Amino acid sequence: TQLLEQSPQFLSIQEGENLTVYCNSSSVFSSLQWYRQEPGEGPVLLVTVVTGGEVKKLKRLTFQFGDARKDSSLHITAAQPGDTGLYLCAGFHTGTASKLTFGTGTRLQVTL
Amino acid sequence: GAGVSQSPRYKVAKRGQDVALRCDPISGHVSLFWYQQALGQGPEFLTYFQNEAQLDKSGLPSDRFFAERPEGSVSTLKIQRTQQEDSAVYLCASSFRDFSYEQYFGPGTRLTVT
């Protein structure tokens, strides 16, 4: 059972468009991470957010942690084909310290 | 190599066979994690080692699944009497110290049970 729901599940956009991926839960997380996974590879960490309301920017990617630490969003500006991949949010649920819970995933395809 | 390696990369097993999946973590990493990733889904936690101690095995789906890390380095995930529902990618990750540190993932082993 996955406690983190991501939306949308699939997203196909053209180069240059903006997009937002959402990660929602009814549970509180002590911290939340975003990963990108490419076919045949393991997930690679993009960012960790730990404070409610925190916003972090990584070049064209903006990550936000909800005030109540139950949700997060990833916004990509001017998407490029190299952004194509599976985006996963993941968090440490308060009370299950060592278990990283992953979201359901958002598959992004950026075409020329 | 400097990253986490896993072998084999692909494994096809007939239902009922036993399989063993190997993970070589980054040298010096204390913690090691196993995850199961079904097609089109996010990974799901299976188990966590700190050195040779298995501190959390709450995610192992049945007693057919067994993991070990006897010398605190290489780990093996064993699945006995494989079933079709065991078909998935099995990911291994390691981190420098405990679970709060960044996890580095291997490429995974794709297991197909026929």
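It should be noted that the structure appears before, not after, this text.
Residues numbered from 1 in each chain as written. Chains lettered and ligands numbered in written order. Predicted model: local features only at pLDDT ≥ 70, side-chain atom pairs only at ≥ 80, totals over all residues. Heavy atoms only, no water.

**Side note on the sheet that holds strand β6 (residues 55-58) of chain A**
Residues and elements named next belong to chain A. Just so we agree on the cut-off: For two strands to be treated as a pair, DSSP must find at least two bridges joining them. Helix numbering and strand numbering both begin at the N terminus, where a helix is a DSSP run of H or I of at least 4 residues and a strand a DSSP run of E of at least 2. Every axis in this analysis is a line fitted to C-alpha atoms, fitted for helices over the stretch in contact. Angles between the N-to-C directions lie between 0 and 180 degrees.
The strand order across the open sheet formed by five strands is β1-β3-β8-β7-β6, and the pairing between neighbours is antiparallel. The open sheet has two edge strands with one neighbour each: β1 (5-7) and β6. Across the sheet, the mean angle separating the axes of adjacent strands is 15 degrees when strand polarity is ignored. Both β1 and strand β3 (residues 19-24) contribute to a ladder of three bridges, which runs antiparallel. Residue pairing for β3: E5 is matched across the bridge by N24.

**Points about the state of the cysteines**
All names here are of chain B. We apply this condition: In plain terms, two cysteine sulfur atoms within 2.5 Å form what is called a disulfide here. Summary of the burial criterion: residues with accessible area below 20% of their type's maximum are buried, those above 50% are exposed, and those between are partly exposed, where the area comes from a 1.4 Å probe applied to protein chains only.
Inspection of the entire model under this criterion finds two disulfides over all chains. Here C23 is linked by a disulfide to C92, with a sulfur-sulfur distance of 1.8 Å. The chirality of the disulfide connecting C23 with C92 is left-handed, given an S-S dihedral of about -65 degrees. Pair noted here: C23 is in strand β3 (residues 19-24) and C92 is in strand β9 (residues 88-95), with a separation of 69 residues, a long-range link. Side by side, C23 and C92 carry an identical accessibility label, which is buried.

**Some words on the interface of chain A and chain B**
As a reminder of what qualifies: Residues are treated as being in contact if the distance between any of their heavy atoms lies within 4.5 Å. Salt bridge, as used here: a side-chain nitrogen of Lys or Arg that lies within 4 Å of a carboxyl oxygen of Asp or Glu. Nitrogen and oxygen atoms within 3.5 Å of one another constitute a polar contact, given that in protein one can donate a hydrogen and the other can accept it, and given that sequence-neighbouring residues count only through two side-chain atoms. Ten residues, namely Ala, Val, Leu, Ile, Met, Phe, Trp, Tyr, Cys and Pro, are considered nonpolar, four, namely Asp, Glu, Lys and Arg, are considered charged, and the remaining ones, Gly among them, are considered polar.
Taken together, the contacts link 19 residues of chain A with 20 residues of chain B. Between chain A and chain B we count zero salt bridges in total. The interface formed by chain A and chain B contains four residue pairs in polar contact (both at pLDDT 80 or more). At the level of elements, β4 (29-37), β9 (85-93) and β10 (100-102) of chain A are the ones that each hand at least two residues to the side of chain A that touches chain B. No other element matches β9 of chain A, which puts three residues into the side of chain A that touches chain B. Looking at the side of chain A that touches chain B, its residues break down into nine nonpolar, eight polar and two charged.

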